[in-house]
Structures are given as structure tokens and as C-alpha cells.
Amino acid sequence: MHRLRIRENSLRQNPEEPSMKTIIRKRFPILLLAAVLCLFLGGCGAKSLDLNALRQSDGSYDFADIPLGSSVEEAAKALGVSLKEPAYQHDGTDVYQAEGPYSLDGKKLKVTLEFTDDGLQMISFFSEAAEGVYDALYEKLTAAYGEPDEVIDSSGEAMGKNLTSQGAQWIAEGEPSTQLILVLITSDSGSTSLSIRVGYGL
């Protein structure tokens, strides 16, 4: 992947603030790869993803069923699937994919899980990207967690495709910080990928 260009929101209230709250940063190449591989996936699932349960009692963003830091074996057991080999690797991160038992509005979600030697770093749920779905998810997440801390507005190239993305990022400060991300990625061919991501900040 080359020529990635990430443009931060130009309307920050405090332009002098240190750039701790960033837009995807080094994880952006993985986001693009996952998007390309998940553009056309859909189906029906069993367990509904609770969008109101992605912030924990300590204020961090996490997915309680498979907490950040979990091992591959623990994640596989929670999902009820086999995670034998990563779908791909990038910059020391093993990325697994599963048709997990989660759904949103009755439609199955594709799940990707990113692991390093420190365990699970991010889990992503890919939803259908039909017209109006992004806006509906944005409204639900804003109702649950308030206005986002960052706006995603970026473009880049991955696997021969020119991609643009828009979205929102909610950040829980800490060591390390955790993030909830909603992002819609569109390719130059018109294909789209919509995902909800929970993981560590960088």
C-alpha cells in the first residue's frame, strides 16, 4: 500500500492540542485491507450486537464477549469458530476473519480480529453498507456515547483500489487509550464497506 493520505479534521477546537487523538494512524493500512476483503459479505446471524454495550464501567471501549488482550484461543472459543491461521499479516499484526455468531438488525456481521504478541488489539464488525445504514449507525452511536472525538476523512490505495473513507472516532483516554470507530469505505468501483471497530489506540 502506498500513497496513503490522512487528513485530520480541520475544525479542532484546540489546534495546539498534542496529536494523541488521531485518525486510524498506522492501523489504517489494516483497515483498508480488511475493507477490500469484506466488501461483498452478508447473511443472517444469531446473536444481536448490542451497540449500547461497547463502553465498559471503567469508561474504556471494549467488547465484553472477547475483551481486548484475549488470546486467539479465547477468541475462537467465544466465537464458537476455529481460528487456525490468520487471513493475512501486516506490521507484526495477525488478522483473523470469522463468520461470527453476531448480527445487526437481523443480518450477519463479518468479524475481523487483530492480534499481536499482547493479544487482541482490535475487533471489527462489518455491516451491510446499504443507503442510510451509516447514518443510522452514526445516530445510534452518538446517542449512546455522545458526539465523536474525531472525524475520519481520508483516502488511499490498497490492493490496486483507490479508497476513500468517512467516519467517526470515539476515544477513551488511558494507558493505552481505547477507541470506538465507525467507518464507511468506498472504492473507485463503487463498492462499499461499513464497519464498527473497537480497539486500542496507537
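Residues numbered from 1 in each chain as written. Predicted model: local features only at pLDDT ≥ 70, side-chain atom pairs only at ≥ 80, totals over all residues. Heavy atoms only, no water.

Re the sheet that holds strand β6 (residues 107-108)
One open sheet holds the three strands; their spatial order is β2-β5-β6, and the pairing between them is mixed. Each edge of the open sheet is held by one strand with a lone partner, namely β2 (47-48) and β6. Bridge analysis of β2 against strand β5 (residues 102-104) gives two bridges, and the strand direction is parallel. Counterpart to S48 in the pairing with β5 is S103. (Pairing = 2+ DSSP bridges. Helix = DSSP H or I, 4+ residues; strand = E, 2+ residues; numbered from the N terminus.)

Comments concerning helix α2 (residues 72-79)
V72, A75, A76 and L79 are the residues of α2 that are buried. With its buried residues spanning 100° around the axis, α2 presents them on a single face. Exposed and facing more than 90 degrees away from the buried side of α2 are E73 and K77. Buried-residue contacts for α2 involve β4 (93-98), β5 and β7 (110-116). Of the residues flanking the end of α2, it is G80, one or two places downstream, whose phi is positive at about 75°. (Buried < 20%, exposed > 50% of the residue type's maximum accessible area, 1.4 Å probe, protein only. Arc of directions from axis to C-beta. Contact = heavy atoms within 4.5 Å.)

Notes on the pattern of salt bridges
Scanning the entire structure with this criterion turns up five salt bridges. Residue K47 pairs with D65 through a salt bridge whose shortest N-O separation is 2.8 Å. Pair noted here: K47 is in strand β2 and D65 is in the loop between β2 and α2, with a separation of 18 residues, a long-range link. Note on D65: relative accessible area 34%, which makes it partly exposed. (Salt bridge = Lys/Arg side-chain N within 4 Å of Asp/Glu carboxyl O.)

Quick look at the pairing of β7
Along a regular strand, successive side chains alternate from one face of the sheet to the other. Within β7, six of the seven residues are buried, leaving the element largely enclosed by the surrounding structure. With five bridges connecting them, β4 and β7 associate as antiparallel partners. Following the sheet pairing, D94 is matched in β7 by F115. Pairing between β7 and strand β8 (residues 119-127): seven bridges, direction antiparallel. Directly across from V111, in β8, lies its bridge partner F125.

Regarding the packing of aromatic side chains
Scanning the model with the defined rule gives seven aromatic pairs in all. Aromatic pair Y96 and F115: ring centres 5.6 Å apart, planes at 90°, arrangement edge-to-face. With a gap of 19 residues between them, Y96 in strand β4 and F115 in strand β7 connect regions that are remote in the sequence. With respect to burial, Y96 and F115 carry one shared label: buried. (Phe/Tyr/Trp six-rings, centres within 6.5 Å; stacked < 30°, edge-to-face > 60°.)

A short note on the environment of G106
Locating G106 in the fold gives a position in the loop between β5 and β6. In this structure G106 comes out as partly exposed when scored by relative accessible area, which is 47%. Along the primary structure G106 and S48 are separated by 58 residues, whereas in three dimensions their C-alpha atoms are 7.4 Å apart.

A short note on helix α3 (residues 133-145)
Taking 1.5 Å per residue as the helical rise, α3 with its 13 residues ought to reach 18 Å, and the 18 Å between its terminal C-alpha atoms agrees with that figure. Listed as buried for α3 are V133, Y134, L137, L141, T142 and Y145. Along α3, the residues classed as buried sweep out an arc of 160° about the axis, all on the same side. Within α3, the exposed residues directed more than 90 degrees away from the buried face are E139 and A143. Immediately beyond the C-terminal end of α3, within one or two residues, lies G146, with a positive phi of roughly 85°. (Expected span 1.5 Å × (residues − 1).)

Comments concerning the nonpolar core
The biggest cluster of nonpolar side chains holds 38 residues, and the ones touching the most others in it are L83, L113 and L180. The element that contributes the greatest number of residues to this core is α3, accounting for five residues. With sequence-adjacent residues up to four places away left out, L83 is seen in contact with V72, A75, A76, Y96, Q97, A98 and L113. Within the second largest apolar cluster, six residues are counted, among which are M122, I152, L163 and I185. (Core = buried A, V, L, I, M, F, W, Y, C linked by side-chain atoms within 4.5 Å.)

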